[in-house]
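Below, each chain spelled out in residue letters.
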Amino acid sequence: MQPTPIAAVVGGGFYGCMLAERLARGGMKVTLLERESDLLLRASLANQARVHGGYHYPRSLLTGLRSRANLPRFVAEFPDCIERSFTKLYAIASRHSQVTARHFVGFCRRIGAPVEPAPPRFGRLFDRDLIEAVFTVEEFAFDAAKLRRACHGRLADAGVDVRLSTEVTRIGPHGRGGLVVSALGSAGEDLLWVDRVFNCTYARLNTLLAAAGVAPIPLRHELAEMALVEMPEPLARLGVTVMCGPFFSAMPFPSRGVHSFSHVRYTPHTSWTDGPDGILDGHRSMGATARQSHFPLMLRDAVRYMPLLADCRQVDSLWEIKTVLPANDRDDGRPILLEHDVGLPGLSCVLAAKIDNVFDMLDAIPMADAPPLRRAA
Ligand SMILES: Cc1cc2nc3c(=O)[nH]c(=O)nc-3n(C[C@H](O)[C@H](O)[C@H](O)COP(=O)(O)OP(=O)(O)OC[C@H]3O[C@@H](n4cnc5c(N)ncnc54)[C@H](O)[C@@H]3O)c2cc1C
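Please read all numbers here as calculations on a predicted model, not as lab measurements.

Criteria and cut-off values
- Residues numbered from 1 in each chain as written.
- Predicted model: local features only at pLDDT ≥ 70, side-chain atom pairs only at ≥ 80, totals over all residues.
- Heavy atoms only, no water.
- Pairing = 2+ DSSP bridges.
- Helix = DSSP H or I, 4+ residues; strand = E, 2+ residues; numbered from the N terminus.
- Axes fitted to C-alpha atoms, helices over the stretch in contact; angles between N-to-C directions.
- Contact = heavy atoms within 4.5 Å.
- Buried < 20%, exposed > 50% of the residue type's maximum accessible area, 1.4 Å probe, protein only.
- Right-handed = clockwise from strand over helix to strand, strands pointing away.
- Near = heavy atom within 4 Å.
- Polar contact = N/O pair within 3.5 Å; in protein donor to acceptor, adjacent residues only side chain to side chain.
- Salt bridge = Lys/Arg side-chain N within 4 Å of Asp/Glu carboxyl O.

Visitor: Describe the sheet that holds strand β2 (residues 29–33), with residues and values.
Guide: Pairing within the open sheet is mixed, and its 6 strands lie in the order β9-β2-β1-β13-β21-β20. Among the strands making up the open sheet, the edge pair consists of β9 (161–163) and β20 (337–339). Between one strand axis and the next, the sheet turns by 15 degrees as a mean value, whatever way the strands run. One ladder, built from 4 bridges, connects strand β1 (residues 6–10) with strand β13 (residues 196–199); its direction is parallel. Following the sheet pairing, A8 is matched in β13 by V197. The strands that helix α1 (residues 14–25) touches are β1, β2, β13 and β21 (347–351); relative to β2, the one it contacts most, it runs at about 170 degrees.

Visitor: With reference to specific residues and values, describe the pairing of β2.
Guide: Counting buried positions along β2 gives 4 out of 5 residues, so the element sits mostly inside the fold. When β1 meets β2, the two strands line up parallel, connected through 5 bridges. Each residue of the ladder has a partner; that of I6, found in β2, is K29. In this view, the connection linking β1 to its parallel neighbour β2 by way of α1 has right-handed handedness. Sheet topology places β2 next to β9; 3 bridges connect them, and they run parallel. Counterpart to L33 in the pairing with β9 is R163.

Visitor: Requested: an account of the site of the ligand, with residues and values cited.
Guide: Taken together, 35 residues are adjacent to the ligand, and E34, S44, R50, R204 and I355 come closest. Here Y15 contributes a backbone N or O atom positioned 3.1 Å from an oxygen atom of the ligand. Take Q48: an N or O atom from its main chain is 3.1 Å from a nitrogen atom of the ligand. Counting residues per element, the ones that place at least two in the shell around the ligand are α1, β10 (167–173), β14 (219–230) and β19 (313–324).

Visitor: Describe in detail the pattern of salt bridges, supporting the description with residues and values.
Guide: Side chains that differ in sign of charge can pair as their charged atoms come close. Under the defined criterion, the tally for this structure stands at 24 salt bridges. For the salt bridge of R163 with D161, the shortest nitrogen-to-oxygen distance reads 3.1 Å. Its relative accessible area of 25% is what places R163 among the partly exposed residues. Relative accessible area serves as the criterion here: at 30%, D161 is assigned to the partly exposed category. Where E167 meets R204, a salt bridge forms, and the shortest distance between an N and an O atom there is 3.5 Å. A residue pair is termed long-range when its members are at least 10 positions apart, and E167 in strand β10 and R204 in the loop between β13 and α6 (205–211) qualify at 37 residues. Accessibility assignment for this pair places E167 and R204 in one class, buried. Counted as one network, the salt bridges with shared partners bring together E21, R25, E77, R154 and D157.

In structure tokens form, the structure reads like this:
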């Protein structure tokens, strides 16, 4: 009889959790290692909580189509984590937008995304000179706290060994053909002898590769601020996104009972690219930097488009590193990255793109008895 293959999944965000569960159900013995004190405390929590329906990506047909395919799967898998009791408006700016209303509607039809001209009571919320058209669409938000609870349940059910407050500090080959993982937890350092390691650390992907002595993957990072706000009553049951350029978006943020508020120009505070010349551990440097909110700048601009926003009140800001593939700078597309045998046999790397396209990763993941590994689409 073949011995049970052993895997370590590093990173207990949504992607690491879903992957660990999948591998365990596929017949592997799986340990999930997370340096924070709980699952889903980093990017999987500190994001805009949008369950993408494709509308956001009029410049990337593939990302729009994948979002349409993944949305119903996500809703079916996590029905209790979905917030849908709000109206979602997409408004097209008259100036400086990379799409027109005609282009936006044509794109929605091509990807099969429901879109309707918004009733006049919604249109009147916007400045008519600055907004060409307003549409109602089908877009939901997810509750990250409920998603965390769902992940705990699924991992327990699948028999995954979950180790919190445990940082992987080193990965190397071992003589018997597998990998050895050094995991530093509250009780000290532990060594795990495994067949496969899955690097699901998102913004720290290259930090972990460096810990394995492997060259970095070119990745672009930005320090992002997502303001949390209380919306004025007339806007409280709305989500709003202005397309497509240096504009703003406000979405219900269910895990805190407020709205998140982002702005294409002001949400990123700083950005950098990892490459052969070096990498920066954004999580560590975030802690060392004094931060001043850009919310006043976000609001000052947004009020020009939607005057009632002037009564919006900031209650907090979420700060997180957003990591993307530089190759998608031009079209804003969001494919995942899934690479196997990265620098070391048995070491795989996953770069998430959006919560919903976790299924693009799962569909491309090998099971214990599966044929050879292949790349994700
Ligand atoms: C500002 C912002 C807004 C976004 N908005 C949306 C949105 O509206 N909708 C959407 O679908 N997506 C959005 N995204 C993208 C989405 O949040 C990410 O694609 C997704 O959450 C990444 O999941 P993950 O599990 O890969 O990463 P994470 O949730 O960051 O998980 C990685 C984990 O690895 C752990 N880790 C790191 N290094 C180690 C180590 N050495 N040892 C052990 N553990 C380690 C970290 O602590 C972390 O918990 C947004 C992202 C950001 C930053």
